[in-house]
Amino acid sequence: MRAGAPSKVLATSAGWAPVVASWLGSTLLAADVPILAGRQTVQGSQMVPERVTLTVPAVAAGHSWIPGDDPTHPLGRFGQRLAIDVDVSASRGRSWRSQLGWFQIQDWSESADGATVDVECVGLLQRPSDDRLPAPSSPASGSTFVSEFRRLMSGGIPVSIDAALVDRACPLSFAWTEDRLGALYDLAESWPARILTGGDGIVRVLPPLPATPTPVLTWTDGIGGVLMSAPASDTRDGIYTSVVVRSSATDATNRVAVQAEAFAGQAEYQSDTYGVVRKFFSSPLITTDAEAAATAQTMLADSLRPARQITVTLPPDPRVELGDPVSTVWDGVTRDGWVVGYTLPLTATGGAMTVTVGLA
């Protein structure tokens, strides 16, 4: 969960203002881009989870916000990045700032009447997605998961590795193909770990989510509550009841077959009634049965989490992040889970926020 205003302030008619700065490398192009409307959409199922859309006035304070052919314009698409924060203010001048993140400008378009400019931005993981490896690349002698993740990350994107993750040696007798971002996710899945881009623009490698959520936010309906709706849904699509993880390592010392399978233990997923929906994952980074078992269990949990979900509507809360453990109370029923996606309006007139919670 990001830093920001406390829940009791967000539940009131607090002030709300986006703060958008444009940077090109280390050069500040604009400290305060004017925003008429905007929205941040985050989907945990996407390799680049974050997307931001903005509407900017074509002219404000005597300055043109139409990039045209200027490669150094604050809204240009030549590597410009937007640092987007939200300021929440209360009475007596108290205010809180939440960092939503850094976003690469992907495209812009002028409105038909020339009055506004629509800007679309994506999360920083778009950079390694675009920056494909020019040739197959193998880990160097002495490489570890930590050093290899840092080596593979595109330049200019800082990385933080959680101290709780245990580093280990990388097998050497394989080569990454062209997909740089896929290689980063392969490392994370084989660790096992998860990747989260923080509001400060740092890509964090974190431990997997625990088996049971310990909520950091609680949303309720009724008097004093913030929930406006909380419809539930369930699906079989993309849900696996078994995950098989195998090693594809070819190092001389790792020729013994390595494999592990994790099964959903819940009664509703019994094979004689539900059937078996099996997923396979193979990686040269898996070299022992214990590593295979850990990855299989994590991938199974990640698969089952979005099956049963609720989509809650509430006043905008800029503190929400992917993976946050949350609790909801609707019609007297308490449901705990993790944030697997959300849509956040960036202006005070942008309406409500929606959060998708994968139930525990």
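Before reading on, note that the structure itself is shown above.
Read on for an overview of the structure. Sequence order sets the numbering: in each chain, residues are counted from 1 along the sequence as written. Only residues with pLDDT of at least 70 are given local features in this predicted model, and only at 80 or more are side-chain atom pairs given and counted; all residues enter the totals for whole chains, interfaces and linings. Where side-chain values are given, they derive from all heavy atoms of the structure, hydrogens and water being excluded.

## Here's the deal with the pairing of strand E19 (residues 325–330)
Filter applied, for reference: Here the term buried applies to any residue with accessible area under 20% of the maximum for its type, exposed to any over 50%, and partly exposed to those in between, with areas from a 1.4 Å probe on protein chains only. Working definition: helices are DSSP H or I runs of at least four residues, strands are E runs of at least two. Numbering for both runs from the N terminus. Two strands pair under a simple rule: DSSP has to find at least two bridges between them.
Taken across its 6 residues, E19 has 5 buried, putting it largely inside the fold. Pairing geometry for strand E13 (residues 217–220) and E19, over 4 bridges, is parallel. Residue pairing in the sheet places leucine 217 in a bridge with valine 326 of E19. Across 6 bridges, E19 lies against strand E20 (residues 333–345) in antiparallel orientation. Across the sheet, the residue bridging to serine 327 is aspartate 336, located in E20. The antiparallel pairing of E19 with E20 creates a hairpin that spans 2 residues between the two strands, and aspartate 331 there sits at a positive phi of about 55 degrees.

## Overview of unusual backbone geometry
Trans peptide bonds make up the majority, and among non-glycine residues the majority have a negative phi. The omega torsion across tryptophan 191 and proline 192 is -5 degrees, close enough to zero to call that bond cis. With respect to the helices, strands and loops of the structure, proline 192 is situated in the loop between helix H4 (180–190) and strand E11 (194–197). If you check the backbone angles, alanine 61 has positive phi at about 55 degrees while not being a glycine. When its relative accessible area of 88% is taken as the criterion, alanine 61 is described as exposed. Notably, aspartate 331 is not glycine yet its phi reads approximately 55 degrees, a positive angle. Relative to the assigned elements, aspartate 331 resides in the loop between E19 and E20.

## Notes on helix H3 (residues 145–152)
The condition that has to hold: Read the arc as the range of directions from the helix axis to the C-beta atoms. In what follows, residue pairs with any heavy atoms lying within 4.5 Å of each other are defined as contacts.
Along H3, the positions that sit buried rather than exposed are Phe145, Glu148, Phe149 and Leu152. An end-on view of H3 places all buried positions within 100 degrees of arc, on one side of the element. Along its buried surface, H3 packs onto strand E10 (159–161), H4, E11 and strand E12 (203–206).

## So, the nonpolar core
Operational definition: Nonpolar cores were defined as sets of buried Ala, Val, Leu, Ile, Met, Phe, Trp, Tyr and Cys residues, with membership established by side-chain atoms within 4.5 Å.
Formed by 46 residues in total, the largest nonpolar core has its most connected members in Trp219 and Val355. What tryptophan 219 contacts, discounting residues up to four positions off in sequence, is Val226, Leu227, Val312, Leu314, Asp317, Val320, Val326, Ser327, Thr328, Val329 and Val355. Within the second largest apolar cluster, 27 residues are counted, among which are Leu124, Leu125, Ala188 and Val203.

## Observations regarding the sheet that holds E11
For the record, the criterion: Helix axes are fitted only over the stretch in contact, all axes being lines through C-alpha atoms; the angle between N-to-C directions runs from 0 to 180 degrees.
Taken in spatial order, the 3 strands of this open sheet run E10-E12-E11, and their pairing is mixed. Unpaired on one side and paired on the other, E10 and E11 mark the two borders of the sheet. Strand-to-strand twist of the sheet, defined as the mean angle between neighbouring strand axes without regard to direction, takes the value 20 degrees. Pairing analysis gives 4 bridges linking E11 to E12, with the strands arranged antiparallel. Bridge pairing in E12 links threonine 197 to valine 203.

Coordinates in, geometry out; function isn't part of it.
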